[in-house]
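Residue-level listing of the chains:
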Amino acid sequence: MCKLAPTPSGLQQKSCDEYPFASTHEGAASAGYNISVAIVECRDNTTAGVLLLGWYDRQRILEKDPFWVDATKKGDTPPEHVPPPDIAQVDTSGFGESCR
């Protein structure tokens, strides 16, 4: 599917970002055509993946554990019933090394 996604101009190193997350059982590899893909900056995609894996660990999400994703558009305020994001303060300066 990534080969069909438009590539934005100005990317230094492109990477395919997919939803549902590739690390889930509903990920792009097994979801058939019910997925979303976008070509993004490799470093950004790598950083997001590492942060997601850390979230799995902190929330003790094991293989095949169900979880809900509540997406909010950047800049919008999430609904009141949605808890604040669990984002660890992680030094991301070394992320993206695999993009080289």
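Student: Hey, could you run me through the packing of aromatic side chains in this one?
Tutor: Within a pair of aromatic rings, the relevant descriptors are the distance that separates the centres and the angle that separates the planes. All chains considered together, the criterion is met by four aromatic pairs. Aromatic side chains Tyr 19 and Phe 21 sit 5.2 Å apart centroid to centroid with 85 degrees between the ring planes, which places their arrangement in the edge-to-face category. The exposure class assigned to Phe 21 is partly exposed, which follows from its relative accessible area of 25%.

Student: Can you walk me through the environment of Tyr 19 in this structure?
Tutor: Topologically, Tyr 19 is positioned in strand 1 (residues 14-19). Separated by 18 residues in sequence, Tyr 19 and Val 37 have C-alpha atoms that sit 6.4 Å apart. The residues touching Tyr 19, leaving out its near neighbours within four places in the chain, are Ile 35, Ser 36 and Val 69.

Student: How should the state of the cysteines be read in this particular structure?
Tutor: Disulfides are covalent bonds that link the sulfur atoms of two cysteine residues. For the structure on display, the rule yields one disulfide. The disulfide bridge from Cys 2 ends at Cys 16, spanning 1.6 Å between sulfur atoms. As the torsion about the S-S bond is roughly -70 degrees, the Cys 2-Cys 16 disulfide counts as left-handed. Remark: Cys 16 occurs in strand 1 and Cys 2 occurs in the segment before strand 1; sequence separation between them is 14 residues.

Student: Can you walk me through helix 1 (residues 42-58) in this structure?
Tutor: Each α-helix winds once per 3.6 residues, and so residues spaced three or four apart point in a common direction. In a regular helix each residue adds 1.5 Å, so 17 residues correspond to 24 Å; helix 1 covers 24 Å between its end C-alpha atoms and thus fits that length. Where helix 1 is concerned, the buried positions are Cys 42, Asn 45, Thr 47, Leu 52 and Tyr 56. Of the surrounding elements, those touching the buried residues of helix 1 are strand 1 and strand 2 (36-41). Of the residues trailing helix 1, Arg 60 is marked for its positive phi of about 60 degrees.

Student: Would you take a moment to explain the confidence of the model for the protein chain for this structure?
Tutor: The predicted coordinates of low-pLDDT regions are not to be read in fine detail. Residue-level pLDDT values for the protein chain average 82, and 86% of them are 70 or greater. Here helix 1 stands out as the element of the protein chain with the lowest mean pLDDT, 88, in contrast to strand 2, whose mean of 92 is the highest.

Student: In this structure, what is going on with unusual backbone geometry? I would like to understand it.
Tutor: Negative phi characterises most residues that are not glycine, and trans characterises most peptide bonds. Along the chain, Tyr 19 connects to Pro 20 via a cis peptide bond; the corresponding omega equals 0 degrees. Within the fold, Pro 20 resides in the loop between strand 1 and strand 2. Unusually for a residue other than glycine, Arg 60 sits at a positive phi of about 60 degrees. Arg 60 sits in the exposed class, given a relative accessible area of 69%. At Lys 64, a position not held by glycine, the phi torsion is positive, near 70 degrees. With respect to the helices and strands, the residue Lys 64 is situated in the segment after helix 1. Relative accessible area serves as the criterion here: at 65%, Lys 64 is assigned to the exposed category.

Cut-off values and rules
Residues numbered from 1 in each chain as written. Predicted model: local features only at pLDDT ≥ 70, side-chain atom pairs only at ≥ 80, totals over all residues. Heavy atoms only, no water. Phe/Tyr/Trp six-rings, centres within 6.5 Å; stacked < 30°, edge-to-face > 60°. Buried < 20%, exposed > 50% of the residue type's maximum accessible area, 1.4 Å probe, protein only. Helix = DSSP H or I, 4+ residues; strand = E, 2+ residues; numbered from the N terminus. Contact = heavy atoms within 4.5 Å. Disulfide = S-S within 2.5 Å. Expected span 1.5 Å × (residues − 1). pLDDT = per-residue confidence, 0-100.

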